[in-house]
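Examining the three-dimensional arrangement
Given next are the chains, with one letter for each unit.
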Amino acid sequence: MQIGEVAERTGLSLRTIRHYEDVGLVSPSARSKGGFRLYTAADAERLMVVRRMKPLDFSLEEMRDLLEITDRLSGAGDPPADGERERLRERLNAYREVADARCETLRAHLMAAEDFAATLRRRLEAHG
């Protein structure tokens with residue numbers, strides 16, 4: 001896929017995809033003869049992982065680390081030995097725990113925001 005199709009699939013802008021390439025999060029799997037970036041479905045999925053981490057305020061370094069962990073666990077290259085696999089799973093679980101906690105915080109913020117919006121609607125109706 002060319003970058004435009006990947007942007008459409010992921011909901012990311014071309015600029016964002018290029019930025020993620022520049023900072024080493026996601027690289028196109030190939031280049032066309034004309035130099036255009038070519039992405040695979042796996043590349044697009046990697047971009048989706050980054051996209052999902054962004055609203056949870058993960059840093060670029062944390063995103064890079066998580067992608068490296070999942071790459072190693074998926075057996076990219078040499079499969080990890082048992083000890084390394086366990087350490088990788090522990091690190092992945094730590095990211096899951098942080099993501100869960102941040103999701104809970106976002107849910108609480110959303111509830112407060114919805115309550116505020118409802119209060120404004122009631123006030124408008126009362127004075128309408």
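Quick caveat, the model's predicted, so the values are computed rather than measured. (Residues numbered from 1 in each chain as written. Predicted model: local features only at pLDDT ≥ 70, side-chain atom pairs only at ≥ 80, totals over all residues. Heavy atoms only, no water.)

**Thoughts on the environment of D57**
Along the polypeptide, D57 turns up in the loop between helix 3 (41-53) and helix 4 (60-73). Assessed through its relative accessible area of 62%, D57 is described here as exposed. Linking D57 and A118, residues 61 residues apart in sequence, is a C-alpha distance of 27 Å. Discounting residues that sit within four places of it in the chain, D57 has contacts with E62 and R102. (Helix = DSSP H or I, 4+ residues; strand = E, 2+ residues; numbered from the N terminus. Buried < 20%, exposed > 50% of the residue type's maximum accessible area, 1.4 Å probe, protein only. Contact = heavy atoms within 4.5 Å.)

**Structural notes on the packing of helix 4 against helix 5 (residues 82-126)**
Between helix 4 and helix 5, the least distance of the axes is 10 Å, while the angle of their chain directions is 135°. Here helix 4 lies oblique to helix 5, going by the angle between them. Considering how the two elements wind past one another, helix 4 and helix 5 form a crossing that is left-handed. Along the contact surface, helix 4 presents E62, D65, L66, I69, T70, R72 and L73, while helix 5 presents E84, R85, L88, R89, R91, L92, Y95 and R102. (Axes fitted to C-alpha atoms, helices over the stretch in contact; angles between N-to-C directions. Parallel < 35°, antiparallel > 145°, perpendicular 65-115°, else oblique. Left-handed = near helix turned anticlockwise from the far one by under 90°.)

**What about the pattern of salt bridges?**
Counted under the stated rule, the structure contains 11 salt bridges. Two residues, D71 and R46, come together in a salt bridge whose shortest N-O distance is 2.8 Å. Of this pair, D71 sits in helix 4 while R46 sits in helix 3, and the two are 25 residues apart along the sequence. On the basis of relative accessible area, R46 is assigned to the partly exposed category, the value being 22%. Between E61 and R64 there is a salt bridge whose closest N-O contact spans 2.7 Å. Of this pair, E61 and R64 both sit in helix 4, separated by 3 residues, roughly a single helical turn. With relative accessibility at 21%, the residue R64 sits in the partly exposed group. Residues participating in the shared-partner salt-bridge network are E21, R31 and R37. (Salt bridge = Lys/Arg side-chain N within 4 Å of Asp/Glu carboxyl O.)

**Focus on the nonpolar core**
In this structure, I17, L25, L47, V50 and F58 are the most contacted members of the largest nonpolar core, which totals 23 residues. Where this core is concerned, the elements lending two or more residues are helix 1 (3-10), helix 2 (14-22), helix 3, helix 4 and helix 5. What V50 contacts, discounting residues up to four positions off in sequence, is Y20, L25, V26, M63 and L67. (Core = buried A, V, L, I, M, F, W, Y, C linked by side-chain atoms within 4.5 Å.)

**What about the side chain of D65?**
Assignment of secondary structure puts D65 in helix 4. Relative accessible area serves as the criterion here: at 18%, D65 is assigned to the buried category. Excluding residues within four positions of it along the chain, D65 makes contact with R91 and Y95.

**Considerations on the environment of D115**
Considering the arrangement of structural elements, one finds D115 in helix 5. By relative accessible area, D115 is classed as partly exposed at 48%. D115 sits 13 residues away from G128 along the chain, and the two C-alpha atoms are 20 Å apart.

**Details of the side chain of D43**
Looking at the secondary structure, you find D43 in helix 3. The side chain of D43 is buried and forms no salt bridge, while R46, the nearest opposite charge, is found at 6.1 Å. Only 2.8 Å separates the side chain of D43 from the backbone nitrogen of T40, close enough to count as a polar contact. When near neighbours in sequence (up to four residues on either side) are disregarded, D43 contacts V26, S27, P28, S29 and L38. (Lys, Arg positive; Asp, Glu negative; His and termini not counted. Polar contact = N/O pair within 3.5 Å; in protein donor to acceptor, adjacent residues only side chain to side chain.)

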